[in-house]
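# Examination of the molecular architecture
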Amino acid sequence: MSIEPYTKNKPMRDALESVAETYCKKKRASPNPADSETQPDFIFTTDGCSRWLDNSWAACCIAHDIAYWCGGSEQDRQEADQELMRCVNNKAPVFGNIIYAGTRIGGAPWLPTPWRWGYGWDDWPRSYEKSQPWPSVKELMEELKIHGIIEHHLSDSKQ
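These notes cover the structure that comes with them. (Residues numbered from 1 in each chain as written. Predicted model: local features only at pLDDT ≥ 70, side-chain atom pairs only at ≥ 80, totals over all residues. Heavy atoms only, no water.)

The final tally for this structure, using the stated rule, is one cavity of 30 Å³ or more. In this structure, the largest cavity encloses a volume near 40 Å³. Forming the walls of the largest cavity are Cys60, Ala63, His64, Ala80, Glu83, Leu84, Cys87, Met141 and His147. For the lining of the largest cavity, the element with the highest residue contribution is helix α3 (residues 74-91), accounting for four residues. Each residue belonging to the lining of the largest cavity can be placed in one class, and the counts come to six nonpolar, two polar and one charged. (1 Å grid on protein atoms, 1.4 Å probe; cavity = no way out; pocket = protein on both sides within 12 Å on 5 of 7 lines; lining within 4 Å. Points joined across faces, edges and corners; volume = space filled by probe spheres on them. Helix = DSSP H or I, 4+ residues; strand = E, 2+ residues; numbered from the N terminus. Nonpolar A, V, L, I, M, F, W, Y, C, P; charged D, E, K, R; others polar.)

Following this line, the structure appears as structure tokens:
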């Protein structure tokens, strides 16, 4: 599943894949490189806001998809869902709370859905990973300026 112009707009697709890969490498970094894989088995894809009609908060959903694609601990998922709620509520108050409830119910890693936590990995059913002293989801998204990059590419694609 994917959104347009993501599949047809190659520069945007490449940029989003690069941002997702950078996020996942940093999120999964370990002092011992042999300890963990840093990239999921599948390339990054996004379905935007999973069939929500309003695209005004699409960047929030794509950033959220980056965290879901990469996966991680239960705490990482909680942080990703809270960040999605915060971001959407900044653009459309109350809708973030509704989307948050939906992601908490429908995003569990053991569900056979293409939007589940850790959907980039090929070992379904998957469970949460152990918490590690990695940067938080929010800190890493801020450090990499993920929301701004996505907003830039979305606005370029509308021109």
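The subject of this paragraph is a nonpolar patch on the surface. On the surface, a nonpolar cluster with roughly 360 Å² of combined accessible area is contributed by Trp52, Val94, Phe95 and Ile98. Here Trp52 is to be found in the loop between α1 (10-27) and α2 (58-70). By relative accessible area, which is 33% here, Trp52 ends up partly exposed. (Patch = residues over 30% accessible without salt bridge, like charges linked within 9 Å, V, L, I, M, F, W, Y side chains within 5 Å. Areas by Shrake-Rupley, 256 points an atom, 1.4 Å probe, with all protein chains shown as cover. Salt bridge = Lys/Arg side-chain N within 4 Å of Asp/Glu carboxyl O. Buried < 20%, exposed > 50% of the residue type's maximum accessible area, 1.4 Å probe, protein only.)

Of the voids in this model, the largest pocket is the one considered here, and its volume is about 280 Å³. Taken together, 16 residues form the lining of the largest pocket, with Cys49, Ser50, Gly102, Thr103 and Trp115 sitting closest to its centre. Counting only elements with at least two residues in the lining of the largest pocket, the list comes to α2 and α4 (95-106). Class assignment for the residues of the lining of the largest pocket results in seven nonpolar, seven polar and two charged.

Moving on, we come to the nonpolar core. Ranked by internal contacts, the top residues of the largest apolar core, which has 27 residues, are Tyr23, Phe44, Ile66, Ile146 and Ile150. Taken together, the elements giving at least two residues each to this core come down to α1, α2, α5 (137-144) and α6 (146-157). The element contributing the most residues to this core is α2, with nine residues. If we skip the residues at most four places from it in the chain, Ile146 touches Val19, Tyr23, Ala63, Ile66 and Met141. Membership of the second largest hydrophobic core comes to nine residues, among which are Trp57, Cys60, Leu84 and Ile99. (Core = buried A, V, L, I, M, F, W, Y, C linked by side-chain atoms within 4.5 Å. Contact = heavy atoms within 4.5 Å.)

Moving on to the environment of Glu21. With respect to the element layout, Glu21 can be found in helix α1. Overall, Glu21 belongs to the partly exposed group, its relative accessible area being 33%. Expressed as a C-alpha distance, the spacing of Glu21 and Gln39, which sit 18 residues apart in the sequence, is 6.7 Å. Those residues in contact with Glu21 that sit more than four places away from it in its chain are Gln39 and Trp69.

Considering all chains together, one arrives at three disulfides under this definition. Linked covalently through their sulfurs, Cys60 and Cys87 form a disulfide whose S-S length is 2.0 Å. Taking the torsion about the sulfur-sulfur bond, which here is approximately -70°, the covalent link between Cys60 and Cys87 counts as left-handed. You can see Cys60 sitting in helix α2 and its partner Cys87 sitting in helix α3, a full 27 residues away along the chain. Residue class for Cys87 comes out buried when judged on its relative accessible area of 7%. Sequence-ordered numbering of the bonded cysteines in the protein gives a pairing of 1-5, 2-4, 3-6. (Disulfide = S-S within 2.5 Å.)

Before going further, it helps to examine α4. Between its terminal C-alpha atoms α4 stretches 16 Å, which fits the 16 Å expected from 12 residues at 1.5 Å a residue. Among the residues of α4, those classed as buried are Gly96, Ile99, Tyr100 and Thr103. The arc enclosing the buried residues of α4, seen along the axis, measures out at 105°, which places them on a common side. (Expected span 1.5 Å × (residues − 1). Arc of directions from axis to C-beta.)

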